[in-house]
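Here are the chains, one letter per residue:
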Amino acid sequence: MPLQGKTVVVSGVGPGLGHRIAATVVRDGGNAVLGARTEANLASSAAEIDPEGERTAFLPTDITDESRCEALARLALARFGAIDAVVHVAAWDSYFGGVEDADFTTWQGVLDVNLLGTLRMTRACLPALKERGGSVVLIGTQSAVAAPSQVQQAAYAASKGALTSAMYSMARELGPHRIRVNTVLPGWMWGPPVQAYVRFTAHTEGVAEAEVLGRLTERMALPELATDGDVAEAAAFLASDRARAITGQSLLVNAGELMR
């Protein structure tokens, strides 16, 4: 198993991508340490992934609070003795709009979560990662490199674009410690957020959900959207030793909508 005996910290575990990544870690032989703001989501996810509670641990964690990031890292060490990877899913992705109508105070909040919060959580895990090397996996977005025409999420895209830029610096800085830093860039990803978008758009326009989904799918080279499970597989690969020579890279998981 590619993550056998590895301990992976996963931030932002809710009902979607974070849960799928944690489940993939456990499936692949690893221990998953779950963080998110809502304890009920963490408990539900851990119970589903690992009913016996032997290979999961969780702690309510707000990544804008450095002390909570440090507490999650300490939990991983106390429970499993190491941190081999950290996968960053926690994000503020619910603020919509462009620059013309921007509330820059809200933008600052988005940046504090998506950019600085991710860096806080990374730094909290660094002492343990330096012990034997490991992996930092950032979850970015295709919107950071190609804005979608369907919705405006300028603040989210800008914050994730900044995070991708930070990836290059971290890959150089941490490489001597055998710590790899990479980014997964999902496009339209079939999971709870996109399912909600399809339902809302279909209801608003008075059309079938299949029609809305078809508009998205027709943009892809492959005949269906990537799923949150597909993104989880990419993140688990980058967290594993199978990606031991890969760092400073961005991997699009988007069914071929955008090719680079």
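Placed above this text is the structure.
All values derive from a computational prediction rather than experimental measurement.

A. Local environment of unusual backbone geometry. A positive phi angle is found at R178, which is not glycine, with a value near 60 degrees. For R178, a relative accessible area of 66% corresponds to the exposed category.

B. Representation of the side chain of T164. Here T164 is to be found in helix α5 (residues 154-174). Exposure remark for T164: the relative accessible area of 13% places this residue in the buried category. Discounting residues that sit within four places of it in the chain, T164 has contacts with T183, L185 and S250.

C. Region of interest: the sheet that holds strand β3 (residues 56-60). Reading across from one edge, β3-β2-β1-β4-β5-β6-β9 is the order of the seven strands in this open sheet, with parallel pairing throughout. Looking at strand neighbours, the two that pair on one side only are β3 and β9 (250-253), the edges of this open sheet. Strand-to-strand twist of the sheet, defined as the mean angle between neighbouring strand axes without regard to direction, takes the value 15 degrees. As paired strands, strand β1 (residues 7-11) and strand β4 (residues 85-88) are joined by four bridges and run parallel to one another. Residue pairing across strands places V8 opposite A85, the latter belonging to β4. Lying over the sheet, helix α2 (residues 39-49) contacts β2 (31-36) and β3, oriented at roughly 175 degrees with respect to β3. Most of the contacts of helix α3 (residues 66-80) go to β3, to which it runs at about 160 degrees, and overall it touches β1, β2 and β3.

D. Seen up close, the nonpolar core. In this structure, I21, V87, I139 and V184 are the most contacted members of the largest nonpolar core, which totals 32 residues. Taken together, the elements giving at least two residues each to this core come down to β1, α1 (17-27), β2, α2, β4, β5 (134-139) and α8 (228-239). With seven residues, the single largest contributor to this core is α8. Those residues within four positions of I139 in sequence are excluded, and the remaining contacts are L17, I21, V87, H88, V89, K160, V184, P186, V231 and A235. If you look at the next biggest cluster of nonpolar residues, it comprises 27 residues, including A73, C125, A128 and L129.

E. Structural view of the pattern of salt bridges. The final tally for this structure, using the stated rule, is 10 salt bridges. Among the ionic pairs, D28 bridges to R27, the shortest N-O distance being 2.9 Å. The buried category is assigned to D28, whose relative accessible area is 10%. Between R123 and E66 there is a salt bridge whose closest N-O contact spans 2.5 Å. You can see R123 sitting in helix α4 (residues 104-132) and its partner E66 sitting in helix α3, a full 57 residues away along the chain. Shared partners join several salt bridges into a network, and the residues in it are R27, D28 and E233.

F. Structural view of the packing of α1 against α2. For the pair α1 and α2, interaxial distance at closest approach is 10 Å and the crossing angle is 30 degrees. In terms of orientation, α1 lies roughly parallel with respect to α2. In this structure, α1 meets α2 at a crossing whose hand is right-handed. Across the interface between the two elements, H19, A22, A23 and V26 from α1 touch S45, E48 and I49 from α2.

G. Focus on α1. Of all the 11 residues making up α1, eight are buried; the element is thus mostly covered by neighbouring parts of the structure. Within α1, the full set of buried residues consists of L17, G18, H19, I21, A22, T24, V25 and V26. Just past α1, the residue G29 takes up positive phi, approximately 100 degrees.

H. Representation of the pairing of β5 within the structure. When you tally the buried positions in β5, you get six out of six residues, the bulk of the element. Residues G134, V136 and L138 line one face of β5 and the alternating positions S135, V137 and I139 line the opposite face, and both faces are buried. Pairing of β4 with β5, which is carried by four bridges, proceeds in the parallel orientation. By the bridge assignment for β5, H88 is matched with L138. At this point the chain moves from β4, through α4, to the parallel β5, and the crossover so formed is right-handed. With six bridges joining them, β5 and strand β6 (residues 179-186) adopt parallel strand pairing. When the sheet's bridge partners are listed, L138 is paired in β6 with T183.

I. Fine view of the packing of aromatic side chains. This model, assessed by the stated rule, comprises two aromatic pairs. A centroid spacing of 5.4 Å and a plane angle of 70 degrees characterise the contact between F104 and W107, whose relative ring orientation is edge-to-face. In this pair, F104 and W107 are both assigned in helix α4, three residues apart and thus about one turn of the helix distant. The buried category is assigned to W107, whose relative accessible area is 13%. Note on W188 and Y197: the rings are 5.0 Å apart at their centroids and 45 degrees apart in plane angle, and the pair reads as tilted. We classify Y197 as partly exposed; its relative accessible area is 22%.

Definitions and limits used
- Sequence order as written defines the numbering, with residues in each chain counted from 1.
- pLDDT decides what is reported in this predicted model: residues at 70 or higher carry local features, side-chain atom pairs at 80 or more are listed and counted, and totals for whole chains, interfaces and linings draw on all residues regardless.
- To get the side-chain values, take all heavy atoms of the structure and skip hydrogens and water.
- Relative accessibility under 20% of the residue-type maximum defines a buried residue, over 50% an exposed one, and the middle range a partly exposed one, all with a 1.4 Å probe and only protein chains included.
- The numbering of helices and of strands both runs from the N terminus, where a helix is a DSSP run of H or I of at least 4 residues and a strand a run of E of at least 2.
- Pairs of residues are marked as contacts when any of their non-hydrogen atoms sit within 4.5 Å.
- Criterion used throughout: strands pair if DSSP finds at least two bridges between them.
- Convention adopted: a line fitted to C-alpha atoms gives each axis, helices being fitted over their contacting stretch, and angles between N-to-C directions are expressed from 0 to 180 degrees.
- For our purposes a nonpolar core is just a set of buried Ala, Val, Leu, Ile, Met, Phe, Trp, Tyr and Cys residues, chained together by side-chain atoms within 4.5 Å.
- Salt bridges, as used here, are contacts in which a Lys or Arg side-chain nitrogen is within 4 Å of a carboxyl oxygen on Asp or Glu.
- When describing relative orientation, an angle under 35 degrees is termed roughly parallel and one over 145 degrees roughly antiparallel, while 65 to 115 degrees is termed roughly perpendicular and anything else oblique.
- Crossing handedness is read from the near helix: turned anticlockwise from the far helix by less than a right angle, it gives a left-handed crossing, and turned clockwise, a right-handed one.
- With its strands directed away from the observer, a crossover is right-handed exactly when the path from the first strand over the helix to the second travels clockwise.
- To pair, rings of Phe, Tyr and Trp, with the six-membered ring standing in for Trp, must have centres within 6.5 Å; the planes then decide the type, stacked if under 30 degrees apart, edge-to-face if over 60, and tilted in the middle.

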